[in-house]
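# Structural characterization, general
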Amino acid sequence: MKKKVTAIICAAGKGGRAGFGKNKLLVPLHGAPVLYHTLKKFDIPEIDEIIVTSSEEDFAEISALSSSFGAETVLGGSTRTESVKRALEHVSGEIVLIHDGARPYLTHRLIRGCIDATVKYRSAVCAVKASDTAVYSNGQQNYVDRDKLFLLQTPQAFFTEDIKKAYSLAGGENFTDDSRVYSEFIGEVHLIDGETQNRKLTFKSDFLSPLPFAFTDGRIGFGVDTHAFGKGSFVTIGGVRIECENSLIAHSDGDVLIHSVMDALLSGAGLKDIGHYFPDTDEKFRNADSAKMLEEVVKIIGRKGFKVNNVSISIQAEKPRLKNHIDKIRQNLSKILNVDESDIAVSAGTCEGLGFVGEGLGITAYTVVSLNKE
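Since the model is a prediction, treat every value here as computed from it, not as a measurement.

### Considerations on the overall build of the chain
- If you tally the helices and strands in the chain, you get 12 helices and 18 strands.
- If one aligns the C-alpha atoms of the chain with their principal axes, the spans along those axes are about 70 × 45 × 40 Å.
- By the burial criterion, 50% of the 374 residues in the chain qualify as buried.
- Sequence separation of 24 or more characterises 71% of the internal contacts of the chain that already satisfy a separation of 6 or more.

### Digging into the sheet that holds strand β15 (residues 247–248)
- If you walk across this open sheet you meet the five strands as β15-β12-β18-β16-β17, and the pairing is mixed. Bordering the open sheet on either side are β15 and β17 (344–349), each of which pairs with just one other strand.
- Here strand β12 (residues 219–230) runs beside β15; their pairing, made up of two bridges, is antiparallel. Looking across to β15, one finds that Phe 229 is bridged to Leu 248.
- Across the sheet, helix α11 (residues 326–337) touches β16 (306–316) and β17, and the angle it forms with β17 is around 145 degrees.

### Concerning the state of the cysteines
- As enumerated under the stated definition, the model contains zero disulfides in all.
- Cys 244 carries a free sulfur, and the closest cysteine sulfur to it, the one in Cys 351, is 15 Å from it.
- Overall, the relative accessible area of 22% leaves Cys 351 in the partly exposed class.

The rules behind the values
Residues numbered from 1 in each chain as written. Predicted model: local features only at pLDDT ≥ 70, side-chain atom pairs only at ≥ 80, totals over all residues. Heavy atoms only, no water. Helix = DSSP H or I, 4+ residues; strand = E, 2+ residues; numbered from the N terminus. Buried < 20%, exposed > 50% of the residue type's maximum accessible area, 1.4 Å probe, protein only. Contact = heavy atoms within 4.5 Å. Pairing = 2+ DSSP bridges. Axes fitted to C-alpha atoms, helices over the stretch in contact; angles between N-to-C directions. Disulfide = S-S within 2.5 Å.

Right under this line is the structure:
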């Protein structure tokens, strides 16, 4: 049974280091206040309730902004710890994600990852490995093994009853983040992979730097795949099993859409096609799950330093009708490719009775992807 999930967005601070003379979350970023972009990321079906903390000074403005997302605004305290403690009093979800309003660049994938990990481990804290040499200095310099050093981000997710208990035991003590409160009074937190683009806007220069998802050192990939119809009663398209009067003939599960995506990714990375990596002469790929094969392709291009930026797919089929399945297909691809659903376009059409597809003999899918060099 799905657990109810609440998101707390911390927006009660002043952001003095940014030097705007006002709450930095109300400063325009890419055409809208920072807080707008952060709230938009949590406006997804997986989040049942949003609570935003605000100072008394900004309450009217933040309330107006938050209400457009159906979010409740509550009065925060003089510290982050006090603000979260007050927000927790309003939480009705079994799981709560606590997020800094100044981190607008997180992805839907990261939010879903936090929820899934919390269900399994009772906590989930986003973290990225330190990439620079690190030194701890306290009168004497000590070098820290960066392979064991992690930088914590938000969201930080917990079972609500656990984090409420932790904050009640914290008393008046002040903490920099929620994982510290949890580890102090409940137990060790479970770390999950964060995102380098999920940076916190702290200084004015952070508002002037290029978008973290800018298309730099990018590649374009194109893929196409066709399968003919044979005997059967269903097809698998984008990881979705759909009833049909025929099935697609293939060595694997015949997921023509995913196969076109795989070829597009490999093409963009300058690699060989899927036949090289998953030959139809190899019995281990007989009836294979194409979604699992796509996961492997993502790892292959990742080893070449590439990640997916966005995907555009056009599938041509006289049967079955795909309109009611497109949202689920986008959800499946979003999880595998580690990109937001908003970065995946899927269109479905017919060939008006013309040609191989138009005669109902098979299905063809075309995919264009853009890749970024990490």
